Amino acid sequence: MKLFIGALLVLPAVLLSAAGVAALTRGRVLPTSRRAVRSPRRYGWGQLLVALALCWQAVFLLAVDDIATRQWGTLSGSVLLLAGVLVAFTGTRRAQAGAGGGDVRPGGVQARDVRAAQR
């Protein structure tokens, strides 16, 4: 059972670390996140912190037998996880409200203006 839980923590950590390294070294972000990411390097650091936090929690969950040490280890892993999410969030764009409401596209053009131009 511990092996299964460890695999559930380490597999996403490996995928996140690969995406984080790609964002740091090449500035590449997964296609589903490309539109929202403003700073790929900062987003990559956030992904690496989240991957580190998942591995940290897996180590303290699976390898440490002392209950007090395990609790402090998983708590510090949770703090790392929160820090990684916050760092990745600072690398994304914030939603902007346009003058007439509606969503704003990355180029500053509102969705209603795009629909009007298509008619």
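Structure: see above.
The notes below deal with the structure included here. (Residues numbered from 1 in each chain as written. Predicted model: local features only at pLDDT ≥ 70, side-chain atom pairs only at ≥ 80, totals over all residues. Heavy atoms only, no water.)

### Here we look at a nonpolar patch on the surface
Alright, step 1. A contiguous nonpolar surface patch, about 460 Å² in accessible area, is contributed by Met 1, Phe 4, Ile 5 and Leu 8.
Alright, step 2. Looking at the element boundaries, Met 1 is found in the segment before α1 (2–25). (Patch = residues over 30% accessible without salt bridge, like charges linked within 9 Å, V, L, I, M, F, W, Y side chains within 5 Å. Areas by Shrake-Rupley, 256 points an atom, 1.4 Å probe, with all protein chains shown as cover. Salt bridge = Lys/Arg side-chain N within 4 Å of Asp/Glu carboxyl O. Helix = DSSP H or I, 4+ residues; strand = E, 2+ residues; numbered from the N terminus.)

### Notes on the packing of aromatic side chains
Alright, step 1. The final tally for this structure, using the stated rule, is 1 aromatic pair.
Alright, step 2. A ring pair is formed by Trp 56 and Phe 60, whose centres lie 5.3 Å apart and whose planes are at 45°; its orientation type is tilted. Here Trp 56 and its partner Phe 60 are both found in helix α2 (residues 40–62), 4 residues apart, which amounts to about one turn of the helix.
Alright, step 3. Looking at Trp 56, the relative accessible area reads 35%, which means it is partly exposed.
Alright, step 4. The exposure class assigned to Phe 60 is buried, which follows from its relative accessible area of 16%. (Phe/Tyr/Trp six-rings, centres within 6.5 Å; stacked < 30°, edge-to-face > 60°. Buried < 20%, exposed > 50% of the residue type's maximum accessible area, 1.4 Å probe, protein only.)

### What about helix α3 (residues 67–90)?
Alright, step 1. Counted at 1.5 Å a residue, the expected span for α3 with its 24 residues is 34 Å, and the 35 Å between its end C-alpha atoms agrees.
Alright, step 2. Those residues of α3 that sit buried are Gly 73, Gly 77, Gly 84 and Ala 88.
Alright, step 3. On its buried face, α3 is in contact with α2. (Expected span 1.5 Å × (residues − 1). Contact = heavy atoms within 4.5 Å.)

### Topic: the environment of Thr 25
Alright, step 1. Structurally, Thr 25 is set in helix α1.
Alright, step 2. By relative accessible area, Thr 25 is classed as exposed at 55%.
Alright, step 3. For the pair Thr 25 and Arg 41, spaced 16 residues apart in sequence, the C-alpha separation works out to 7.9 Å.
Alright, step 4. Of note is the side chain of Thr 25, whose polar atom sits 2.8 Å from the backbone oxygen of Val 21. (Polar contact = N/O pair within 3.5 Å; in protein donor to acceptor, adjacent residues only side chain to side chain.)

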